[in-house]
Amino acid sequence: MAVTISLINMKGGVGKTTLVIALAEFMAIEHGLKVLVIDLDPQSNATACLMDLKEWKRRNMRGQTIMRLFLDPFKQWPVFSPREALVRNASNIGGGVDGLDLMPSGQELMDLQDSLLTAFPDDCEGDTSLYLLRDAMHDILPDYDIVLVDCPPSLGIITQNGLAVSDCCLIPVIPETMSINGIPQIITRVNRFKRLTGSLVQPLGVVATRYREQNSEHSVNLMEMRAGAKVKGYGHVFETVIHESSGAANAVEYRRKPVSLRDKYPSPRPFNEYRQLTTEVLHCVGK
Ligand SMILES: Nc1ncnc2c1ncn2[C@@H]1O[C@H](COP(=O)(O)OP(=O)(O)OP(=O)(O)O)[C@@H](O)[C@H]1O
Ligand SMILES: [Mg+2]
C-alpha cells in the first residue's frame, strides 16, 4: 500500500524540491523502495533535476506531462495517459535509478492554474477540479511504496490536488522568523481542506532546511519551533536538520553524472543529513 507525502509550503525557495529529490533517491537506492515523484510545480524543477531535457520536451509535445492532465477538461479530446506519461528509472545517478519513477510537470501549468480557478469555484467543497490527479492516478499509486508530491509555493488548486492524493504532508521551513510565522497558516489551510473534503491528510511534521548554525536567529528559532510544535499543531519537528551548503545546492544539477548517492551528495553533509532524514520519515510513515 503506497504512502503518499506532499511537500508543501506557500513560501518559495525553502528547499521543497531539493528535499523531494534527495528523499526519493535515498528511499529507492538505500531502502529498495518503489518510489514515485509527482511534480506538480509549474516551475518543473523536480522534472528538470530527474530527467533528460530533450526527452522532457518530446513528452511536452505529445501532451504527456501532468500539465495536460489539468488541461484536458477544457479540451474536446483528452490525450493525457498517466501510464504513458510516467518516466521510468528517473534520476541522473548511474544513468537512472531502478524503482524511482517520475510523473513530469509541464511549464504551461502556470497559466493553467488561473484557468482552473476561473473555471471552477474557489471553495473546494464538491469541486471536481480538486480530484483530477486522484482520478488519473488511482490505479497507478498502488504500484509504489512511497509517492512524493512536489508542490508549487502556493496552497491553491494544484497543491490541493496533491493533498487530495496524500496521506500526509511534510513542511520544509527555513528557521527564519517570517517562515516560522507562516506554519500555523499552513496548518489552518490543511485543516480547512480536510473539513471541506473529508480528506484524512495528516501533517507529518516540519523539517528545518537551509539551516545556518552560525546564524543565532536560526538556532533560537529552531529551539522555539521544537518547543511550540505540539501546541501550534505542527505535530513534529524532525530531529534531522538540513544545513545550508553548496554541496546540497549543487547536487541536484542534472548535467552532472554521479555514479552513486555518495558521489552525488558530498559527505559528511549533506549525505548524512539526507540519509538520516529519510530514515526518520520512513519511520514516521511506518515503512
Ligand atoms: N540545503 C541547502 N543548502 C543550500 N542551498 C539549498 C539547500 N536546499 C536547497 N537549496 C537551494 O535553494 C534554492 C531553492 O531550493 P528549492 O528549489 O529546493 O526550493 P523550493 O522550496 O522547491 O522552491 P519553490 O518554492 O520555488 O519551488 C535552490 O537554488 C536550491 O539549490
Ligand atoms: Mg520547488
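Please refer to the structure higher up on the page.
Report on the accompanying structure. Within every chain, residues take consecutive numbers counted from 1 along the sequence as written. In the order they appear in the text, chains get letters beginning with A and ligands get numbers beginning with 1. Local features in a predicted model are, by the rule used here, given only for residues with pLDDT of at least 70; side-chain atom pairs are given and counted only at 80 or more, and totals for whole chains, interfaces and linings are based on all residues. Each side-chain value is derived from all of the structure's non-hydrogen atoms; neither hydrogens nor water enter the calculation.

1. A word on unusual backbone geometry
Next up, step 1: Here the bond from S267 into P268 is cis, since omega is -10°, no more than 30 degrees from zero.
Next up, step 2: Its location among the elements puts P268 in the loop between α13 (261-264) and α14 (271-284).
Next up, step 3: The omega torsion of the bond from R269 to P270 falls at 0°, within 30 degrees of zero and hence cis.
Next up, step 4: Positive phi values are uncommon outside glycine, yet S44 reaches one of about 60°.
Next up, step 5: Starting at the N terminus, helices and strands are each numbered in turn, a helix being any DSSP run of H or I of at least four residues and a strand any DSSP run of E of at least two. Examined against the element boundaries, S44 turns out to sit in the loop between β2 (35-39) and α2 (45-50).

2. Some details on the site of ligand 1
Next up, step 1: Any residue with a heavy atom lying within 4 Å of a molecule or strand is counted as near it. As a matter of local geometry, ligand 1 sits amid 17 residues, with K16, T17, T18, R210 and S245 nearest to it.
Next up, step 2: Here D41 contributes a side-chain N or O atom positioned 3.2 Å from an oxygen atom of ligand 1.
Next up, step 3: The method behind every accessible area is Shrake-Rupley, applied with a 1.4 Å probe, and residues are considered shielded solely by the protein chains displayed. In isolation ligand 1 offers 630 Å² of accessible surface; the protein chains occlude 81% of this area.
Next up, step 4: Most atoms of ligand 1, that is more than half of them, are within 2 Å of grid points of the largest pocket.
Next up, step 5: At the level of elements, α1 (16-31) and α12 (246-251) are the ones that each hand at least two residues to the shell around ligand 1.
Next up, step 6: Take the shell around ligand 1: its biggest share by element is 3 residues, from α1.
Next up, step 7: The residue makeup of the shell around ligand 1, split by class, is 5 nonpolar, 8 polar and 4 charged. Pairs of N or O atoms within 3.5 Å make up the polar contacts considered here, provided that, within protein, one atom can donate a hydrogen while the other can accept it, and that residues adjacent in sequence are counted only when both atoms are side-chain atoms. Points on a 1 Å grid over protein atoms alone make up a cavity when a 1.4 Å probe fits among them but cannot get out, and a pocket when they form an open set with protein on both sides within 12 Å along at least five of seven lines; lining residues each have an atom within 4 Å of a point. Molecule-in-pocket calls rest on the fraction of atoms, with more than half required to lie within 2 Å of the cavity or pocket grid points. Gly counts as polar in this scheme, as do all residues outside two lists: the nonpolar Ala, Val, Leu, Ile, Met, Phe, Trp, Tyr, Cys and Pro, and the charged Asp, Glu, Lys and Arg.

3. Section: empty space enclosed by the protein
Next up, step 1: Grid points are joined across faces, edges and corners, and a volume is the space filled by probe spheres set on the points. One pass over the full model with this rule turns up 1 cavity of 30 Å³ or more.
Next up, step 2: By volume, the largest cavity amounts to about 60 Å³.
Next up, step 3: Lining of the largest cavity is provided by L155, Q160, L163, R189, V190, R192 and F193.
Next up, step 4: Its residues assigned to classes, the lining of the largest cavity comprises 4 nonpolar, 1 polar and 2 charged.

4. Considering the layout of surface pockets
Next up, step 1: In this structure, the largest pocket encloses a volume near 510 Å³.
Next up, step 2: Along the wall of the largest pocket there are 29 residues; nearest its centre are G13, G15, K16, T18 and R210.
Next up, step 3: Mapped onto the lining of the largest pocket, the elements with two or more residues apiece are α1, α2 and α12.
Next up, step 4: Residue contributions to the lining of the largest pocket peak at 5 residues, all from α1.
Next up, step 5: Residue composition of the lining of the largest pocket, grouped by class: 11 nonpolar, 12 polar and 6 charged.
Next up, step 6: Reported here for the second largest pocket is a volume of approximately 220 Å³.
Next up, step 7: Considering the residues around the second largest pocket, the lining is formed by M1, A2, T4, R134, H138, L141, P142, A164, V165 and D167.
Next up, step 8: Grouping the amino acids of the lining of the second largest pocket by side-chain chemistry returns 6 nonpolar, 2 polar and 2 charged.

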